[in-house]
Amino acid sequence: MELMEETRLQLSPSSATSFKSCPQMFKFRQIDCLPEPVSRPQARGSLVHAVLERLMGEAPASRTPQQAYSLLDALWAECGEDPEWRPEDLDAHNEQEWLQESRRLLANYFKLEDPGTLDVARLEWWVEYELADVHLRGVIDRVEERSDGSWVLTDYKTGRVPLESRELAASFGLRFYALMCWRSFGVIPEELRLVYLTDPAILTWRPTERTLIAFERQMQALARAVRRAADSDDWRARPSPLCMSCPFQGQCPAWTEAEAEA
Ligand code: SF4
């Protein structure tokens, strides 16, 4: 695949997850760059993330629920008509209900932690690292630095808490970031936290050098698999329940060929 030969292979947590779930979906998204409609859950996730980023940028005493709701209203007034923010199927009829659900997620956030007590060091922090022939990159929602110098990485999630059997998979993005923190800055974060706003709940992990070395090997193997797929232009479609929410179903050979045969 020329594109992959001319440019460095880049992986973020979401693109790596995309390849692991379905190489064909990865190709549609990362190689062909097909447009994707903004879904309501995606748009809600972006909006709530942006509100929490702005809230953490305020002085600790101002990080209140009322301030969060005001920021939500202000942000939606600013971006609500932008097609990159607004779900395609949102109309005047269901908009308030959809916004109310975003307010509920923010209310849940305050049940989990008091943001006025947090020592926030970085927000939406862009990190990257060259690993063998793959460039790892991503954006960490929040980094706190404790008085002993240790780092805590936090990622907000607007989906549901995963089943116990899926918890390790859910921590993939944070382990990815922890590896970059270690390799780029020499710091193994003390704690990785997934803050689930729907349920609400917090899942935590404590990475170690041993687990990060194992994860690094996993990333190297994944990079080799992506490179092989690119070199042979062989992007296997991997049908699964994920297909039901895949925006590329209409272009996917696994579905279009099955329909043609029917
Ligand atoms: S429809 Fe299913 S098989 Fe096809 S690209 Fe999407 S996830 Fe993969």
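Procedures and definitions
Residues numbered from 1 in each chain as written. Predicted model: local features only at pLDDT ≥ 70, side-chain atom pairs only at ≥ 80, totals over all residues. Heavy atoms only, no water. Helix = DSSP H or I, 4+ residues; strand = E, 2+ residues; numbered from the N terminus. Rg over C-alpha atoms; globule rule 2.2 N^0.38 Å. Buried < 20%, exposed > 50% of the residue type's maximum accessible area, 1.4 Å probe, protein only. Contact = heavy atoms within 4.5 Å. Areas by Shrake-Rupley, 256 points an atom, 1.4 Å probe, with all protein chains shown as cover. Phe/Tyr/Trp six-rings, centres within 6.5 Å; stacked < 30°, edge-to-face > 60°. Lys NZ or Arg CZ within 6 Å of the ring centre and 35° of its normal. Axes fitted to C-alpha atoms, helices over the stretch in contact; angles between N-to-C directions. Parallel < 35°, antiparallel > 145°, perpendicular 65-115°, else oblique. Nonpolar A, V, L, I, M, F, W, Y, C, P; charged D, E, K, R; others polar. Domains from an automatic or database assignment. Buried area = accessible area lost by both parts, 1.4 Å probe. Salt bridge = Lys/Arg side-chain N within 4 Å of Asp/Glu carboxyl O. Polar contact = N/O pair within 3.5 Å; in protein donor to acceptor, adjacent residues only side chain to side chain.

On a plain count of helices and strands, the protein comes out with ten helices and six strands. Its C-alpha atoms give the protein a radius of gyration of 20 Å, near enough to 18 Å, the size a compact globule of 262 residues would have. When its C-alpha atoms are laid out on the principal axes, the protein stretches across 60 × 50 × 35 Å. The buried share among the 262 residues of the protein stands at 44%. Put simply, of all contacts in the protein between residues at least 6 apart along the chain, 67% involve residues at least 24 apart. On the protein, roughly 13700 Å² of surface is accessible, and the fraction owed to carbon and sulfur atoms is 49%.

Tallied over the full model, the rule gives 13 aromatic pairs. Seen in terms of ring centroids, Phe26 and Trp235 are 5.6 Å apart; in terms of plane orientation they differ by 20 degrees. Their pairing is stacked. One end of the pair, Phe26, is in helix α3 (residues 23-31); the other, Trp235, is in the loop between α9 (209-232) and α10 (253-261), and 209 residues separate them in sequence. On the basis of relative accessibility, which here comes to 2%, the residue Phe26 falls in the buried class. Grouped by ring-pair contacts, the aromatic residues Phe172, Phe176, Tyr177 and Phe215 constitute a single cluster. Seen from the ring of Trp125, Arg122 lies directly overhead, with NZ or CZ sitting 4.4 Å from the centre.

Take the packing of helix α2 (residues 13-21) against α3 next. Close contact between α2 and α3 brings their axes to 5 Å; oriented N to C, the two are set at 140 degrees. The angle between α2 and α3 places the two elements in the oblique class. Between α2, through Ser15, Ser18, Phe19 and Ser21, and α3, the contact on the second element is made entirely by Pro23, Met25, Phe26, Arg29 and Gln30. When the residues that make up the contact of α2 with α3 are grouped by side-chain class, the tally is four nonpolar, four polar and one charged.

This paragraph deals with the domain arrangement of the protein. Along its sequence, the protein is carved into domain 1 (40-116) and domain 2 (119-218). With both chains or domains summed, domain 1 and domain 2 bury close to 1400 Å², and 67% of this area falls on carbon and sulfur atoms. In this assembly, domain 1 and domain 2 are joined by two salt bridges. A salt bridge links Glu113 to Arg193; its shortest N-O distance comes to 2.9 Å. At the surface where domain 1 touches domain 2, the tally comes to six residue pairs in polar contact (both at pLDDT 80 or more). Secondary structure elements with two or more residues in the side of domain 1 that touches domain 2: α4 (40-56) and α6 (92-112). Here the side of domain 1 that touches domain 2 takes seven residues from α4, the largest share from any one element. Looking at the side of domain 1 that touches domain 2 residue by residue, the class counts come to seven nonpolar, four polar and five charged.

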